[in-house]
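Topology and contacts: notes
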Protein chains: 2
Amino acid sequence: MNPANPVQTTTTGTRDRIVRATSRLLQRQGFEGTGIKQISREAQATLGSVYHFFPGGKQELAAEAIRHGDQEFADLLRAGLDSTDDPAEAITACTRLLAEALRDSDWQDGCPITTTALETVGRAPVIEQAVTEAFAHWRALVEEKLHGAGIALTDARELAATVINTLEGAELAAQVARSEEPLHLTGRHLARLIDTYR
Amino acid sequence: MNPANPVQTTTTGTRDRIVRATSRLLQRQGFEGTGIKQISREAQATLGSVYHFFPGGKQELAAEAIRHGDQEFADLLRAGLDSTDDPAEAITACTRLLAEALRDSDWQDGCPITTTALETVGRAPVIEQAVTEAFAHWRALVEEKLHGAGIALTDARELAATVINTLEGAELAAQVARSEEPLHLTGRHLARLIDTYR
DNA sequence: AGGCGACTAGAACGAACGCTCTATCCAGGG
DNA sequence: CCCTGGATAGAGCGTTCGTTCTAGTCGCCT
């Protein structure tokens, strides 16, 4: 319990496995379609462990998994945005990364939080909070890039919101159609839109 | 059974109530979150009636409900698109209608098919088929409008895809944020994008 | 009048759900 | 050496799930 001590590895190991497994399952089958027992099985943990770490039950666990997905998506976004100085090119780089990840997962891994967000909107405040924060987080990353490239702050903020929303929609379309095209197309259109602001 | 006869009212009444109730429930709570018993309760029908009209069970029923939602959304889209000749203005009219409908339902009724689409992608072919057709249907409506307004066919087709995808993303954002703003913002950005093609 | 098919009605099935509970394990401190 | 408390383990609770099944009602055709 000494805060100076390194965290014990077994504990964080189990908790972390549970969160990761939950995040992936929510991404692929949504909140209602994922059972706690399936999570514990997939995470190689027992039911007891799950409720030990998440006494708030499924909702608390899902909220934590959403935060994990938030970070995951933010990492991909950052990788795309940092790949070039040009803001329009940077967005198309993001769509390219998203398309690759989606294809490589056999069209299974779309946005890690959208399905759960839609299922629980207006009925699970703990989860909704995590979702709201994730979207704000992603918008902030894009906004910073656009503003840093010389776009006026208000324009950058508004564009960032549309960029994130459009990426969400394109990812959904790509997943349903099992095709990278909606994402690539969206990349081109977003780049064109951004270029009208310079 | 004479095809010239008017359809018997009671039969279509019950079937129709079941489809409508299913459509609304899928829109609000998704596929996994909606039970057949809840549907029969809400539709004022019995379990027997549900399985009588939809022997394929939950999936067949959901597919039919998706087709219903397809028509519903298409009607709204047409209303927006027909409200003016200018294609860019027409799209913002659509975002306005969507924002109103969402607000008036207390942020409950987003896109009627997205949640179910995400939950069942890659695991319920009957539903996926209906989803694919709905998206294609909506794209076609927008494409026709854009092409009719003088935009080249290829550009119109590509733009239509992005328009639909972006509307999906904006509706999701608006629902989560309980705000009309993402939709209005998207309307302005899409209009701007479309205007670059003229 | 009789029968037939469309439709309604809901009890019952096994399986799975989220969650609670008790029992056990085990490392670190007294 | 035992004690303590975090962590693991899984049986079992009551409920609901999707589906099946049998029984009954009703209107229409011959």
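Calculation criteria
Residues numbered from 1 in each chain as written. Chains lettered and ligands numbered in written order. Predicted model: local features only at pLDDT ≥ 70, side-chain atom pairs only at ≥ 80, totals over all residues. Helix = DSSP H or I, 4+ residues; strand = E, 2+ residues; numbered from the N terminus. Rg over C-alpha atoms; globule rule 2.2 N^0.38 Å. Least-squares fit on C-alpha atoms with pLDDT ≥ 70 in both. Contact = placed C-beta atoms within 7 Å. pLDDT = per-residue confidence, 0-100. Axes fitted to C-alpha atoms, helices over the stretch in contact; angles between N-to-C directions. Left-handed = near helix turned anticlockwise from the far one by under 90°. Nonpolar A, V, L, I, M, F, W, Y, C, P; charged D, E, K, R; others polar. Core = buried A, V, L, I, M, F, W, Y, C linked by C-beta atoms within 7 Å. Buried ≥ 20, exposed ≤ 12 C-beta atoms within 10 Å, placed from the backbone. Expected span 1.5 Å × (residues − 1).

Some details on the overall build of chain A
Broken down by element type, chain A carries nine helices and zero strands. Reading the secondary structure of chain A in the N-to-C direction produces α-α-α-α-α-α-α-α-α. Computed over C-alpha atoms, the radius of gyration of chain A comes to 18 Å, within 12% of the 16 Å expected from 2.2 N^0.38 for 198 residues, which places it in the range of a compact globule. Projected onto its principal axes, the C-alpha positions of chain A cover 55 × 45 × 30 Å.

Considerations on the relation of the copies chain B and chain A
For the pair chain B and chain A, the relating rotation is 180 degrees, the translation along its axis is 0.0 Å, and the fit reaches an RMSD of 0.0 Å. Both chain copies can therefore be described as sitting about a two-fold axis. Mapped onto chain A, 100% of the interface residues of chain B are again interface residues, and the two copies thus contact each other with one and the same surface.

Quick word on the confidence of the model for chain A
Across chain A, the average pLDDT comes to 94, with 94% of residues at or above 70. Contacts for the low-pLDDT stretch residues 1-9 of chain A, under 50 throughout, to residues beyond four places or in other chains number one contact.

Focus on the packing of helix α8 (residues 153-177) of chain A against helix α8 (residues 153-177) of chain B
Contact pair α8 of chain A / α8 of chain B: the axes reach a minimum separation of 7 Å and the direction vectors enclose 120 degrees. As for the relative orientation of α8 of chain A and α8 of chain B, their crossing is right-handed in sense. Only N165, T166, E168, G169, A170, L172 and A173 of chain B of α8 of chain B make contact with α8 of chain A, whose side of the interface consists of N165, T166, E168, G169, A170, L172 and A173 of chain A. For the contact of α8 of chain A with α8 of chain B, the per-class residue count stands at six nonpolar, six polar and two charged.

So, the interface of chain B and chain A
Contacts between the two partners involve 35 residues from chain B, matched on the other side by 36 residues from chain A. Those elements that provide at least two residues to the side of chain B that touches chain A are α6 (114-120), α7 (125-148), α8 and α9 (181-195) of chain B. Here the side of chain B that touches chain A gets 12 residues from one element, more than from any other, and that element is α8 of chain B. When the residues that make up the side of chain B that touches chain A are grouped by side-chain class, the tally is 14 nonpolar, 15 polar and six charged.

Notes on the nonpolar core
In terms of nonpolar packing, the biggest core is built from 111 residues, with I66 and V131 of chain A together with I66 and V131 of chain B touching the most fellow members. In this view, I66 of chain B contacts I113, T116, I127, A130, V131 and A134 of chain B; residues no more than four positions away in its chain are not counted.

A short note on the environment of I36 of chain A
Residue and element names in this part refer to chain A. For I36, the position within the fold is in helix α2 (residues 36-42). Under the C-beta neighbour-count criterion, I36 is labelled partly exposed, with 16 such atoms within 10 Å. Sequence spacing of I36 and L102 is 66 residues, and the spatial spacing of their C-alpha atoms is 26 Å. Once residues lying within four places of it in the same chain are set aside, the contact partners of I36 are L47, V50 and K58.

Quick notes on unusual backbone geometry
Phi at Q44 of chain A takes a positive value of approximately 55 degrees, unusual for a residue other than glycine. Residue Q44 of chain A is classed as exposed on the basis of its 11 C-beta neighbours within 10 Å.

Some points on the environment of Q129 of chain B
Counting through the fold element by element, Q129 of chain B comes out in helix α7. For the pair Q129 of chain B and A63 of chain B, spaced 66 residues apart in the sequence, the C-alpha separation amounts to 8.1 Å.

Observations regarding helix α4 (residues 57-81) of chain B
Given 3.6 residues per turn, any residue in an α-helix points the same way as the ones three and four places further on. Between its first and last C-alpha atoms α4 of chain B spans 36 Å; for 25 residues at 1.5 Å apiece the expected length is 36 Å, and the two agree. Among the residues of α4 of chain B, L61, A62, A63, E64, A65, I66, H68, G69, D70, F73, L77 and G80 of chain B are the ones counted as buried.

Focus on helix α5 (residues 87-104) of chain A
All names here are of chain A. With 18 residues, α5 should cover 26 Å at 1.5 Å per step; its first-to-last C-alpha distance of 26 Å lies within 8% of that length. The secondary structure elements touched by the buried residues of α5 are α4 (57-81), α7 (125-148), α8 and α9 (181-195). Of the residues flanking the end of α5, it is D106, one or two places downstream, whose phi is positive at about 60 degrees.

A look at the environment of E158 of chain B
Summarising the element assignment, E158 of chain B is placed in helix α8. Sequence-wise, E158 of chain B and E143 of chain B are 15 residues apart; in three dimensions their C-alpha atoms are separated by 8.1 Å.

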